[in-house]
Amino acid sequence: MESMRSICSACFSVALSPSALMAGGRGIGLASPGYRRWRRRNLPSFRPMSCVLDRSREGTPLQFEGKSGYRGFPEEEVLVISEEGRRHALNEADDTDEVNDEVDDLNVCKEAEEKIEDELPLATLNNPKYLDALLKGGEATTLLNGNHEGYILSAVAESGTLVETVEFTKAEEDTSKERQLHTIVKRSIVVVTSEAAPYSKTGGLGDVCGSLPVTLAGRGHRVMVVLPRYLNGVSDNAYAAAVDTGVRKKLPCFKDKPEVGFFHEYRAGVDWVFVDHPSYHRPGNPYGDINGSFGDNQFRFTILCHAACEAPLLLPLGGYTYGQSCLFMVNDWHAGLVPVLLAAKYRPNGVYKDARCILVIHNLAHQGVEPAATFPELGLPLEWYGALEWVFPTWARTHALDKGETVNILKGAIVTADRIVTVSQGYAWEITTIEGGCGLHDLLGSRKSVLNGIVNGIDIDDWDPARDKHIPFHYSVDDLSGKAKCKAALQKELGLAIRPELPMIGFIGRLDYQKSTDLIMMALPELMQHDIQFVMLGSGDRRTEDWMRSMESLYKEKFRGWVGFNVPVSHRITAGCDMLLMPSRFEPCGLNQLYAMRYGTVPVVHRTGGLRETVENFDPFADEGRGQGTGWAFSTPTTESMLWALGVAIKTFREHRASWEGLMRRGMLKDYTWDNAASKYEQVFDWAFIDPPYIR
Ligand SMILES: Nc1ncnc2c1ncn2[C@@H]1O[C@H](COP(=O)(O)OP(=O)(O)O[C@H]2O[C@H](CO)[C@@H](O)[C@H](O)[C@H]2O)[C@@H](O)[C@H]1O
């Protein structure tokens, strides 16, 4: 029963167990005074009512009894929707007004009754488990939502466990609207990040910080994103619409006390705030250039954090500031100094006492580690050294005099943030293990109670095969013909033979250890034995880039290696390929497999982190032979497992076209929109504000 209650209350705010309903407030009394009061005032706090379905009266008009579940009214108020109830009400009424009221209410009840009569048999028949539970003497409840449209049916077996819940689509739509209207607390949110598309993007962090804020703003929050104003001579146009606010601030860090400016653009309901400083103006990407990472990244992102803490206090965006009660969402180590600054500098001085800070970890492998000697430059009180202190184990030190003493910014964020979110539930667990914790597993384990995993969404304006501006032909789950044309166009663009019957495999991503490009390198000779085409798009590790170039000349007919970062090409590969390979050693969430599924491109992935959660292994025998699953997920990151999974995928593509189409369609129908994820973030925001700040 407990499980049912929790499921029901997740759907609706009020859910009563059937036994509770039976026990209390039973009786016939149509349209109680409380209900009428609600109807007159149309209270916004109205909540779903609960009814008990009485199956013992088979053959007679359906009769529902229930307790009014709307907030603020006493429990004994009962609403009965039935012919008998209608008659009873008319008999009981002793003045005309009352009768009119009753009749008014009756009409509503009548509508609901008709709906139930219409839809109930369908629901139960479609749901053998539900019927089964009823036949075996279980109980069934029907929950109606407030406006009498749509409902949830739950069957509870004798043992008391929930057997099945059926939600009617209409009810779902209506109740979610109701939930949006009544339960979202609007917040002032300050997202701090080193990149956000379309301004700057080197990977998934840019995607997430470019779209989640827009979704949150669309849900009624006031959202500001603070990020650097990178000018590299290539993509400077992205900032063309941002205007100088004229606000300048000298920051209390580093010897020179650097001064930053703030540029602002209001777009898609979000305040995009660009921190301006000469160290952001140089060729390359946000973190480095052809010579590797920039040597002053600690400086560049320390000033970003100081500036982000000042932005809500200083910038009168749209006429007024975000103020001190905001919620900071800081992403990865680049923004990790924000919660430390709040705890160490602002709160002790009475500022940001009502603010909260959530750390979002997209990739634990990058922690912002620098020599301990740099600590005094960070602008933190000396006694806060311990929060950032990080001593490498002996085996990890580079020479005999290396004491391994460093400051680790991500560690500082983990020990000071109010809550921590990672981008999938699997990864939230992995980072608390020695294998996945990158040395921080114990610390993260100690904060398990505030650690959540939320799978990323995808930007469906940007990634939609039906209207993607980067692909030559459009298609949808109802008409896949455009995908075949995209494949032919890609083959042509890459100078490969235009052969629709060949499986075409793609890889898109940073070329590094995380993405297991070494496995691909080792497996390629064997893979090339198949009659396939393989295209890789990526940049990063120099050796891998060179390898891609040389493989292209070795396997002229089959392999293409596109070295570089090119968003339009990534869309064309996603649309044109039949499969997308992601053998990542670890993958906090992974976005490419989500894009691939949406484009009917079947993912073949290593079963880790977010890939485990989002790619469902293909089972051709499930669902009465119709098949289930959206791709292949192999469980060990070895060339053998990867080649085995690719082999099965290739065979399925060639020999089982119907199964292949099933795979494509199921993937395309998956819902990974940002709204889903945003509502989970809202829950985390609420939890953050329920608790006092972690460091006061
Ligand atoms: N050469 C290239 N040209 C064009 N586009 C390219 C490209 N290389 C990569 N991309 C694009 O960059 C993004 C990569 O996103 P991922 O989530 O796969 O990986 P990343 O490791 O960067 O992100 C980290 O953060 C994200 C967000 O939380 C997590 O999903 C992920 O697991 C974690 O490692 C995709 O949009 C992809 O198309």
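Residues numbered from 1 in each chain as written. Predicted model: local features only at pLDDT ≥ 70, side-chain atom pairs only at ≥ 80, totals over all residues. Heavy atoms only, no water.

Examining the site of the ligand
Here is step 1 of the chain: Neighbouring residues of the ligand: 29 residues in total, closest D207, H362, R510, E587 and G590.
Here is step 2 of the chain: Here K201 contributes a side-chain N or O atom positioned 3.0 Å from an oxygen atom of the ligand.
Here is step 3 of the chain: Within the side chain of K515, an N or O atom sits 2.9 Å from an oxygen atom of the ligand.
Here is step 4 of the chain: For the ligand, whose unbound accessible area comes to 710 Å², protein coverage reaches 97%.
Here is step 5 of the chain: Of all the secondary structure elements, the ones that give two or more residues to the shell around the ligand are α8 (204-218), β21 (504-511), β22 (533-540), α18 (567-576) and α19 (592-598). (Near = heavy atom within 4 Å. Polar contact = N/O pair within 3.5 Å; in protein donor to acceptor, adjacent residues only side chain to side chain. Areas by Shrake-Rupley, 256 points an atom, 1.4 Å probe, with all protein chains shown as cover. Helix = DSSP H or I, 4+ residues; strand = E, 2+ residues; numbered from the N terminus.)

Observations regarding α8
Here is step 1 of the chain: If you check α8, its first and last C-alpha atoms are 21 Å apart, about what 15 residues at 1.5 Å a residue would give, namely 21 Å.
Here is step 2 of the chain: In terms of burial, α8 is largely enclosed, as twelve of its 15 residues are buried.
Here is step 3 of the chain: Buried within α8 we find L205, G206, D207, V208, C209, G210, S211, L212, P213, T215, L216 and A217.
Here is step 4 of the chain: With its phi angle positive at about 105 degrees, G220 sits one or two positions after the end of α8. (Expected span 1.5 Å × (residues − 1). Buried < 20%, exposed > 50% of the residue type's maximum accessible area, 1.4 Å probe, protein only.)

Regarding the pattern of salt bridges
If charged atoms from side chains of opposite charge come close, those side chains can pair.
Here is step 1 of the chain: Scanning all chains against the criterion turns up 25 salt bridges.
Here is step 2 of the chain: Notably, a salt bridge pairs R467 with D461, separated by 3.2 Å at the nearest N-O pair.
Here is step 3 of the chain: Taking the relative accessible area as the measure of exposure, R467 reaches 45% and is therefore partly exposed.
Here is step 4 of the chain: Each of D461, D464, R467 and R598 takes part in salt bridges that share partners, so that together they form one network. (Salt bridge = Lys/Arg side-chain N within 4 Å of Asp/Glu carboxyl O.)

Overview of the UniProt feature "domain: Glycosyl transferase family" (unreviewed entry) in the protein chain
Here is step 1 of the chain: Under the local residue numbering, the UniProt record ascribes the feature "domain: Glycosyl transferase family" (unreviewed entry) to residues 498-637.
Here is step 2 of the chain: Secondary structure across residues 498-637 divides into 34% helix and 24% strand, with the first and last C-alpha atoms of the span separated by 32 Å. (UniProt positions renumbered as here; feature names shortened; annotations may be inferred.)

What about the pairing of strand β18 (residues 405-408)?
Here is step 1 of the chain: Pairing of strand β16 (residues 369-371) with β18 involves three bridges; the strand directions are antiparallel. Its bridge partner being in β18, E370 is matched across the sheet by V407.
Here is step 2 of the chain: For strand β17 (residues 389-391) and β18, the ladder comprises three bridges, and the chain directions are antiparallel. The residue bridging V391 from the neighbouring strand is E405, located in β18. (Pairing = 2+ DSSP bridges.)

Comments concerning helix α9 (residues 297-314)
Here is step 1 of the chain: With 18 residues, α9 should reach 26 Å at 1.5 Å per residue; the first-to-last C-alpha distance of 25 Å fits that figure.
Here is step 2 of the chain: Burial runs high along α9: 16 of the 18 residues are buried.

Regarding the nonpolar core
Here is step 1 of the chain: One finds F328, M329, V338, L388, F534 and F559 to be the most contacted residues of the largest nonpolar core, which totals 170 residues.
Here is step 2 of the chain: Built from parts of two domains, this core gets at least three residues from each of domain 2 (187-367 + 417-453) and domain 3 (480-672).
Here is step 3 of the chain: Beyond its immediate chain neighbours, meaning those up to four positions away, F559 contacts L496, L524, M528, F534, M536, W547, M548, M551 and E552. (Core = buried A, V, L, I, M, F, W, Y, C linked by side-chain atoms within 4.5 Å. Domains from an automatic or database assignment. Contact = heavy atoms within 4.5 Å.)

Regarding the domain arrangement of the protein chain
Here is step 1 of the chain: According to the domain assignment, the protein chain consists of domain 1 (128-160), domain 2 (187-367 + 417-453) and domain 3 (480-672).
Here is step 2 of the chain: Between the C-alpha centres of domain 2 and domain 3 there is a distance of 32 Å.
Here is step 3 of the chain: With 16 residues of domain 2 at the interface, the matching set in domain 3 holds 14 residues.
Here is step 4 of the chain: Carbon and sulfur atoms make up 54% of the surface buried where domain 2 meets domain 3, a total of about 1,100 Å² over both sides.
Here is step 5 of the chain: At the level of secondary structure, the elements contributing two or more residues to the side of domain 2 that touches domain 3 comprise α8 and α13 (425-430).
Here is step 6 of the chain: Residue contributions to the side of domain 2 that touches domain 3 peak at four residues, all from α13.
Here is step 7 of the chain: Partitioning the side of domain 2 that touches domain 3 into residue classes produces five nonpolar, eight polar and three charged. (Buried area = accessible area lost by both parts, 1.4 Å probe. Nonpolar A, V, L, I, M, F, W, Y, C, P; charged D, E, K, R; others polar.)

What about the sheet that holds β16?
Here is step 1 of the chain: Taken in spatial order, the three strands make up an open sheet running β16-β18-β17, and their pairing is antiparallel. This sheet does not close on itself; its edge strands, each paired only once, are β16 and β17. Averaged over all pairs of adjacent strands, the angle between their axes in this sheet comes to 45 degrees, without regard to strand direction.
Here is step 2 of the chain: With respect to the sheet, helix α12 (residues 409-416) is in contact with β17 and β18, its orientation differing from that of β18 by roughly 55 degrees. (Axes fitted to C-alpha atoms, helices over the stretch in contact; angles between N-to-C directions.)

As for the packing of aromatic side chains
Here is step 1 of the chain: A complete count under the given rule lists 20 aromatic pairs for this structure.
Here is step 2 of the chain: Plain terms: the ring middles of F653 and W660 are 5.2 Å apart, the flat faces sit at 90 degrees to each other, and that makes the pair edge-to-face. Both residues of the pair, F653 and W660, belong to the buried class.
Here is step 3 of the chain: Here R447 stacks its cationic end above the ring of Y694, 3.5 Å away from the centre of that ring.
Here is step 4 of the chain: The ring of F653 carries R657 above its face, with NZ or CZ at 4.5 Å from the centroid. (Phe/Tyr/Trp six-rings, centres within 6.5 Å; stacked < 30°, edge-to-face > 60°. Lys NZ or Arg CZ within 6 Å of the ring centre and 35° of its normal.)

A few points about the UniProt feature "domain: Starch synthase catalytic" (unreviewed entry) in the protein chain
Here is step 1 of the chain: When the UniProt feature table is mapped to this numbering, "domain: Starch synthase catalytic" (unreviewed entry) covers residues 189-444.
Here is step 2 of the chain: Helix makes up 25% of residues 189-444 and strand 25%, whereas the separation of the span's terminal C-alpha atoms amounts to 24 Å.

Some words on the pairing of β22
Here is step 1 of the chain: Counting buried positions over the eight residues of β22 gives six, a clear majority of the element.
Here is step 2 of the chain: The pairing of β21 with β22 spans eight bridges and is classified as parallel. Residue pairing for β22: R510 is matched across the bridge by S539.
Here is step 3 of the chain: In this view, the connection linking β21 to its parallel neighbour β22 by way of helix α16 (residues 517-527) has right-handed handedness.
Here is step 4 of the chain: When β22 meets strand β23 (residues 559-563), the two strands line up parallel, connected through five bridges. When the sheet's bridge partners are listed, V535 is paired in β23 with R560.
Here is step 5 of the chain: Between the parallel pair β22 and β23, the chain is carried across by helix α17 (residues 542-554), and the sense of this crossover is right-handed. (Right-handed = clockwise from strand over helix to strand, strands pointing away.)

Comments concerning the sheet that holds strand β9 (residues 243-250)
Here is step 1 of the chain: The nine strands are arranged β9-β10-β11-β8-β7-β14-β15-β19-β20 in an open sheet whose pairing can be described as mixed. At either margin of the open sheet sits one strand with a lone partner, and together these are β9 and β20 (451-453). Averaged over all adjacent pairs, the angle separating strand axes in this sheet is 25 degrees, with direction ignored.
Here is step 2 of the chain: On the sheet, α9 packs against β7 (188-192), β8 (222-228), β9, β10 (259-267), β11 (270-276) and β14 (327-331) and is oriented at approximately 150 degrees with respect to β8.
Here is step 3 of the chain: Against the sheet, helix α10 (residues 337-346) touches β7, β14 and β15 (356-361), its axis set at about 140 degrees to β14.

Focus: the environment of F299
Here is step 1 of the chain: Its place among the elements puts F299 in helix α9.
Here is step 2 of the chain: In this structure, the C-alpha to C-alpha distance between F299 and S449, residues 150 residues apart in sequence, is 32 Å.
Here is step 3 of the chain: For F299, the residues in contact, after removing those within four places along its chain, are F254, P258, H277 and S279.

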